[in-house]
Amino acid sequence: MKRGLLLMVAVLLAWVWHERQALGDFPGVLSAYSAKEYCSCRFVMGFDEGYCRGYVRQYLPLSRLDEDSGRRLVFADGLGRSAQAAWQGPRVGCRLLP
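Basis of the calculations
Residues numbered from 1 in each chain as written. Predicted model: local features only at pLDDT ≥ 70, side-chain atom pairs only at ≥ 80, totals over all residues. Heavy atoms only, no water. Pairing = 2+ DSSP bridges. Helix = DSSP H or I, 4+ residues; strand = E, 2+ residues; numbered from the N terminus. Axes fitted to C-alpha atoms, helices over the stretch in contact; angles between N-to-C directions. Contact = heavy atoms within 4.5 Å. Salt bridge = Lys/Arg side-chain N within 4 Å of Asp/Glu carboxyl O. Buried < 20%, exposed > 50% of the residue type's maximum accessible area, 1.4 Å probe, protein only. Core = buried A, V, L, I, M, F, W, Y, C linked by side-chain atoms within 4.5 Å. Polar contact = N/O pair within 3.5 Å; in protein donor to acceptor, adjacent residues only side chain to side chain.

Trainee: I'd love a proper account of the sheet that holds strand S3 (residues 81-89), names of residues and values included.
Mentor: Across the sheet, which stays open at both edges, the 4 strands sit in the order S1-S2-S3-S4 with antiparallel pairing between neighbours. At either margin of the open sheet sits one strand with a lone partner, and together these are strand S1 (64-68) and strand S4 (93-96). The mean inter-strand angle of the sheet, taken between neighbouring strand axes irrespective of direction, is 20 degrees. Examined bridge by bridge, S3 and S4 share 4 bridges and lie antiparallel to one another. Bridge pairing links alanine 85 to leucine 96 in S4. With respect to the sheet, helix H2 (residues 20-44) is in contact with S1, strand S2 (73-78), S3 and S4, its orientation differing from that of S3 by roughly 30 degrees.

Here it is, written out as structure tokens:
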């Protein structure tokens, strides 16, 4: 019983070590995806705010999802990371800002 548990813990630790880069990058994905997709939904496709909020909703909640509709800019915060996306024009659509 103890050997099986130790083996499972060792395998889990090995997997975490192997995937450390992806696991470290994951928190930024939530805010970046939400900002970009919300921007595209609102300013490229022209859907209303309520629809677009539902469209980008994830299992992990965002702490912030705001838009500056005058500047066509979107702000998203989640899992301690922030992202911004802005509409670039009709031929380009939205892009994440550095």
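There is more to say, and it comes next.
Trainee: Explain the pattern of salt bridges residue by residue, including any values.
Mentor: A complete count under the given rule lists 5 salt bridges for this structure. A salt bridge links arginine 42 to glutamate 67; its shortest N-O distance comes to 2.8 Å. Taken together, the positions of arginine 42 in helix H2 and glutamate 67 in strand S1 put the pair 25 residues apart, joining distant regions of the chain. The class for glutamate 67 is partly exposed, based on a relative accessible area of 21%.

Trainee: Help me get a handle on the nonpolar core, residues and values and all.
Mentor: Counting residues in hydrophobic clusters, the biggest one holds 14 residues, and the most contacted among them are Ala35, Tyr38, Cys39, Leu65 and Val74. Where this core is concerned, the elements lending two or more residues are H2, helix H3 (49-56), S2 and S3. The leading source of residues in this core is H2, at 6 residues. Beyond its immediate chain neighbours, meaning those up to four positions away, cysteine 39 contacts Val44, Val74, Ala85, Ala86, Trp87 and Cys94.

Trainee: Residue-level account of the environment of cysteine 94, with values.
Mentor: Tracing the backbone through its elements, the reader meets cysteine 94 in strand S4. Classification of cysteine 94 as buried rests on a relative accessible area of 7%. For the pair cysteine 94 and phenylalanine 43, spaced 51 residues apart in sequence, the C-alpha to C-alpha distance is 7.9 Å. Aside from chain neighbours lying at most four places away, what touches cysteine 94 is Lys36, Cys39, Ser40, Val44, Ala86, Trp87 and Gln88.

Trainee: Give a detailed account of the side chain of serine 31, specifying residues and quantitative values.
Mentor: As for its placement among the helices and strands, serine 31 is situated in helix H2. At 3.4 Å, the side chain of serine 31 forms a polar contact with the backbone oxygen of glycine 28.

Trainee: Give me the pairing of S3: which residues, what numbers.
Mentor: Direction of pairing for S2 relative to S3: antiparallel, over a ladder of 6 bridges. Along S3, the bridge assignment pairs phenylalanine 75 with glutamine 84. In sequence, S2 turns back onto S3 through a hairpin of 2 residues, with leucine 79 there showing a positive phi of about 55 degrees. In this antiparallel pair of consecutive strands, S3 and S4, the connection spans 3 residues.

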